[in-house]
Protein chains: 6
Amino acid sequence: MRPSGRHPNQMRPVVIETGVSHHAEGSALIRIGGTEVLCTASVDNRVPPFLRGKGSGWVTAEYGMLPRATHNRGTREASTGKQSGRTQEIQRLIGRSLRAVTDLNALGEISITLDCDVLNADGGTRCASVTGAWVALRLALGRLVANRVLSQVPLHGQVAAVSCGLTETGAVLDLDYAEDSAAAADTNFVLTADNRIVEIQGTAEHAPFTQEQFEALFSLARIGVSDLFAAQNAAITAAESH
Amino acid sequence: MRPSGRHPNQMRPVVIETGVSHHAEGSALIRIGGTEVLCTASVDNRVPPFLRGKGSGWVTAEYGMLPRATHNRGTREASTGKQSGRTQEIQRLIGRSLRAVTDLNALGEISITLDCDVLNADGGTRCASVTGAWVALRLALGRLVANRVLSQVPLHGQVAAVSCGLTETGAVLDLDYAEDSAAAADTNFVLTADNRIVEIQGTAEHAPFTQEQFEALFSLARIGVSDLFAAQNAAITAAESH
Amino acid sequence: MRPSGRHPNQMRPVVIETGVSHHAEGSALIRIGGTEVLCTASVDNRVPPFLRGKGSGWVTAEYGMLPRATHNRGTREASTGKQSGRTQEIQRLIGRSLRAVTDLNALGEISITLDCDVLNADGGTRCASVTGAWVALRLALGRLVANRVLSQVPLHGQVAAVSCGLTETGAVLDLDYAEDSAAAADTNFVLTADNRIVEIQGTAEHAPFTQEQFEALFSLARIGVSDLFAAQNAAITAAESH
Amino acid sequence: MRPSGRHPNQMRPVVIETGVSHHAEGSALIRIGGTEVLCTASVDNRVPPFLRGKGSGWVTAEYGMLPRATHNRGTREASTGKQSGRTQEIQRLIGRSLRAVTDLNALGEISITLDCDVLNADGGTRCASVTGAWVALRLALGRLVANRVLSQVPLHGQVAAVSCGLTETGAVLDLDYAEDSAAAADTNFVLTADNRIVEIQGTAEHAPFTQEQFEALFSLARIGVSDLFAAQNAAITAAESH
Amino acid sequence: MRPSGRHPNQMRPVVIETGVSHHAEGSALIRIGGTEVLCTASVDNRVPPFLRGKGSGWVTAEYGMLPRATHNRGTREASTGKQSGRTQEIQRLIGRSLRAVTDLNALGEISITLDCDVLNADGGTRCASVTGAWVALRLALGRLVANRVLSQVPLHGQVAAVSCGLTETGAVLDLDYAEDSAAAADTNFVLTADNRIVEIQGTAEHAPFTQEQFEALFSLARIGVSDLFAAQNAAITAAESH
Amino acid sequence: MRPSGRHPNQMRPVVIETGVSHHAEGSALIRIGGTEVLCTASVDNRVPPFLRGKGSGWVTAEYGMLPRATHNRGTREASTGKQSGRTQEIQRLIGRSLRAVTDLNALGEISITLDCDVLNADGGTRCASVTGAWVALRLALGRLVANRVLSQVPLHGQVAAVSCGLTETGAVLDLDYAEDSAAAADTNFVLTADNRIVEIQGTAEHAPFTQEQFEALFSLARIGVSDLFAAQNAAITAAESH
């Protein structure tokens, strides 16, 4: 039995609210159970130096956690003066995941920065960030189309992410904090709505695992992302019908 | 006429929501017009080295702004590796303001950190932070009393803050961003419910101002904080009646 | 009785010496009792990026304390690799105070940096810095006029600063270190010779204070700055009569 | 045809030399084609604070690249003052991979730091680091057994890593730099000699890929690591037969 | 002819004033021509961790330059967040030079920090710092004897430093800034009053030089330090006769 | 008797291998006894800002030590976020030494960076770095001539460096770690093949020393560098005869 009483293949409730950020060109507040991440997309008419004059756009991400998003207060990274290795690893993952479904040439010399800030953490913050950031990005691109900066939304895929893990219960979908901290293995899958792989990260926390176990986790992930794609689509529809 | 159509002595709507942070011992999400700050109070059973073994507690604050809380995206301080002078000045102000109404000896060897993170900025974020942080602190102290760690709430005052400024319209209460960026003078008043002064900061942005002008601003501040004390009291009552 | 035997409304002796820095365009070594600050004004023909091409000048300040300016040796900020929040707060105050009386448009695209370095500290170093920096700035601007870079000194005010506080003796003028470290409230007033306010900072160190107390402190400040304006004028006259 | 003329399932030549570091308790200089990494294992009789008094040991890793290990000189991270996100991500991977096969309780309160410094880079430096670090770790543990600090080598697995990718040629094993920089997908597999998974990292560089493609890459990886396990075993045997 | 009109073997005027720092246990303001350095000695009853419990004392130094000590304003190291290589090289030299004449065992578990801050720079600041720091150290040690912390001054030598260089005029003593910036070679000699060598640093700025030239510079240095020893002795006598 | 059994005027074996770095324009792996330093020369077609448009080239150096180059593992400077004073002092020395024999005007607007990374340390790493860096520089310049970027090698001297010290045995040549850590005085001589001085650094570690002792050390250094010049020449000949 899982600590939350969920079935092994059951996601926590997913809610995505848009427009929470007053100034961002696109924003999504994603809640997956007790995890809550505010994702904003900021459009800038300049690209980083390595891309200038090449006609290509850029998508990047930054990730942060409010000090008291967690059970015990963590140090504020702005105060210690550096981002942890974990933070950097996560923000690189988010950026790669979104670039993999964006047509950077069609975007043109525009940068979009996705900021994912965790307000409350209960496991799965990197996956929630990817999933919410896709909505914020999609809305910001939609606005560029509405403003006739772009002729169509330069996305060739819809992306969402979920974690699965090996716990005492066996393979389970969408780890919460209690499960995550005790899991023997932890995997994150970033997948597209047309059934392709953007990123896979699998880590044996305590002991190596088998290929069969890995495949079981992968199957759960495919179940989980279908909930996430539906929640993304509902949020976009609601936002754009205003 | 003010940009927002408000009267010179009119505050923006004030709403304080509690319990938004799932883990913090006390929390308040304060909204003053378009400004929105999440304030959390975190209790720690250790005090900083300079206080160890002295029987006294400590209250301190940290302040941050999400990169896209503002019209244009600002840099993330965790990423640049240092807090700006403005950030440090504000978090020192919040800490001093709350220590001034806390009985640190009655608190005993406990530290409370107030984190004030701006989700949306439209002027007055430091004042909203002080006002919201007092609620978060009050709730965290109330929980220590409920848990019998303390016998009574070690506060000898209720504190709130508001900005006033000299604009083209004359002296006005509770500057929003449009007013703040054009004001000839900007003043912040941190006041107590029993009519005393915790902190006054008055700055001539463009030209020095007169003592009469300063007194007009001070009078407006007294009007403004009465709204804030009422909102604080309502939030505490609602939170503690659950 | 004050620790120094002074009357409540009595400043410490004030001496301002000029020309102590061999290379600076303007300099003032200000001594107020045991507090001693070397202020230099450095002229640069470039302005910061945000002002380029706008025809406006800039005035800014940096503040530092020699490690053994104090009773106990403090750490060297260059060695620890960051300026404290206190240092940044003070240098921002000095910069704002001098910009408030400078006609930046008349200055043209020139930057002036005021460096205020405390050689000996006995309370009131931020106020001494503002007061000395004004002399250094005035001398540097006078030299620009003498060199026909400017047609007249682009200042529309004379500025000085003094601290007042609530001590066991009551409200007193010009706190020394012994008084400052025990004061219930500490206020800094940056005022102009024509009786206007540039900056007010009032802080309850231990307990909130009343409006009447604040007004008593303000009255003392007006007495104190008249001594400072006289010392500034004497220093300028002496420097320019060479 | 691959740029190097290799078959899709062909590793580059692998050579592991031991004893190159004069002082380290274990060391391995691993060469995989033109990639060359010096791996050292340093034994320390203290564990990090979070483990003190718990009876458990620790294994961690640091990674670096000499500035001119690459085609164009990179900046020295010691000089810029921070490790890149890429560096941190790699050293975290190395540390996790080795901890996954170490019996930390059997190690006792001892820390082992693996330093992996790239002398020459031609793709696959993170995988070479994991593979070489396991040899350095194994030798350092062997020495602790020889010195009777431990009764047996506290490893429950042998670990090696290899990258595979999707290139114009299709799925290929052991990417060199020319292939890596043009690959559509890049995957790293950290596997054990008994056929289990320690870590999988798969990334779509340009376009998402299918599950079938992923499985093809996984199959190649299984071929590649068998070469690496053989080279590791040869190096250990040679080193311990002296 | 030298720019200053001095003879090749002529020092600039040397003046050492004591007691300029109000709080330091020993202090010396040394002026050598237009170079002016404030040296303070601060006594601390703790030694660095690597010396604790060993019965030995420690002497160390820190060096800084006020931003406008130079012809053009330099950046403030506290503001840029790091000390330059030059600063670190100089403060290491000062520390080594004074440790070489101090009996650290006789000092006991006491640390003395010499702060050398350049108020005005006209060449030779590192040599002036060593020379002035010896006076500050000597006075601080004398005070420890006067306070009966030590039974006698734990110095086994008197140390002073001077620069010599190869200029268009040939070998000259005590380079000022104009000479220093054009010299073909620059040497610094730290010597003792009993004719021994503490430190020699000789650098070919533009072209290597001969052993004969080096010996000529060394002979000039011996002349120069005799002036410095006399100025040190006069300052100590004056300070201790109060 | 020296710990290594060497005669006082005997160098350790010197071997210089070239081409060890695959990508650098010039490289030398220098081994002097147990000290081993990898020196690479990297050519860049840009000069630092202060030289742009002046027609002059630049030569600079960076120095590092692998964490386990030493008996006990040292911290990684990239990880602590700053280079030690010692590191900066050494890399400044290497840069100055090579600039002193380079005709920067003949080089033209090209920068060459010498990276000296210590793989194994047994004393004398800074001297080995200078000696090896000269070979790397010479090879990189030779390649620029071969590629017709330059018409001839813009070097007007050959430079090598050796340390000598005062030990219990008396004055000895080429200190190894055991001698270095116990020496009463430590001197480094950077000399040219035509018998001139580029840099002299002499330091009394424990007690000041006499001019006679200094001259004895200098004589030993002249013996030592002749071995080094021969090894440099052999390495260049071998490299260029391929």
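Residues numbered from 1 in each chain as written. Chains lettered and ligands numbered in written order. Predicted model: local features only at pLDDT ≥ 70, side-chain atom pairs only at ≥ 80, totals over all residues. Heavy atoms only, no water.

- In the nomenclature of an unreviewed UniProt entry, chain A is known as Ribonuclease PH of Acetobacter vaccinii.
- Turning to chain A, the UniProt record has this under Catalytic activity (unreviewed entry): "tRNA(n+1) + phosphate = tRNA(n) + a ribonucleoside 5'-diphosphate".
- The record in UniProt for chain A states the following under Subunit (unreviewed entry): "Homohexameric ring arranged as a trimer of dimers." (UniProt positions renumbered as here; feature names shortened; annotations may be inferred.)

1. Comments concerning the packing of helix H2 (residues 85–99) of chain B against helix H4 (residues 125–146) of chain B
Residue and element names in this part refer to chain B.
- Here H2 crosses H4 at 40 degrees, and the two axes come no closer than 10 Å. Regarding the angle of H2 to H4, the classification is oblique. Regarding H2 and H4, the two cross each other, and that crossing is right-handed. When H2 is examined against H4, the residues Arg 86, Glu 89, Ile 90, Leu 93, Ile 94, Ser 97 and Leu 98 are found in contact with a partner set consisting of Thr 125, Arg 126, Ser 129, Val 130, Ala 133, Trp 134 and Leu 137.
- Here the contact of H2 with H4 is composed, by residue class, of eight nonpolar, three polar and three charged. (Axes fitted to C-alpha atoms, helices over the stretch in contact; angles between N-to-C directions. Helix = DSSP H or I, 4+ residues; strand = E, 2+ residues; numbered from the N terminus. Parallel < 35°, antiparallel > 145°, perpendicular 65-115°, else oblique. Left-handed = near helix turned anticlockwise from the far one by under 90°. Contact = heavy atoms within 4.5 Å. Nonpolar A, V, L, I, M, F, W, Y, C, P; charged D, E, K, R; others polar.)

2. Things to note about the UniProt feature "domain: Exoribonuclease phosphorolytic" (unreviewed entry) in chain A
All names here are of chain A.
- When the UniProt feature table is mapped onto this chain, "domain: Exoribonuclease phosphorolytic" (unreviewed entry) is found at residues 10–140 and 158–222.
- Span residues 10–140 is 30% helix and 31% strand, its end C-alpha atoms 31 Å apart.
- In residues 158–222, the share of helix is 25% and the share of strand is 45%. The end C-alpha atoms are 14 Å apart.

3. Remarks on the pattern of salt bridges
- For the structure shown, the criterion picks out 120 salt bridges over all chains.
- Between Asp 117 of chain C and Arg 76 of chain E there is a salt bridge; the shortest N-O distance is 2.9 Å. Placement of Asp 117 of chain C in strand E5 (residues 111–120) and of Arg 76 of chain E in the loop between strand E4 (58–65) and helix H1 (77–80) is noted, with the two residues assigned to different chains. The same class applies to Asp 117 of chain C and to Arg 76 of chain E, which are both buried. (Salt bridge = Lys/Arg side-chain N within 4 Å of Asp/Glu carboxyl O. Buried < 20%, exposed > 50% of the residue type's maximum accessible area, 1.4 Å probe, protein only.)

4. Concerning the environment of Asp 44 of chain D
Residue and element names in this part refer to chain D.
- Along the chain, the position of Asp 44 falls in strand E3 (residues 35–44).
- Classification of Asp 44 as partly exposed rests on a relative accessible area of 32%.
- Once residues lying within four places of it in the same chain are set aside, the contact partners of Asp 44 are Ile 110 and Ser 111.

5. Overview of the nonpolar core
- With 142 residues, the main nonpolar core has Leu 114 of chain E together with Leu 114 of chain F as its most contacted residues.
- Those residues within four positions of Leu 114 of chain E in sequence are excluded, and the remaining contacts are Thr 40, Ala 41, Val 59, Thr 60, Ala 61, Glu 62, Leu 98, Ala 133, Ala 136 and Leu 137 of chain E.
- Ranked by size, the runner-up nonpolar core spans 141 residues in total, among them Leu 51, Ala 69, Ala 100 and Val 135 of chain B. (Core = buried A, V, L, I, M, F, W, Y, C linked by side-chain atoms within 4.5 Å.)

6. Re the side chain of Ser 42 of chain D
- Relative to the assigned elements, Ser 42 of chain D resides in strand E3.
- Among the polar contacts made by the side chain of Ser 42 of chain D, one reaches the side chain of Arg 68 of chain F at a distance of 3.0 Å. (Polar contact = N/O pair within 3.5 Å; in protein donor to acceptor, adjacent residues only side chain to side chain.)

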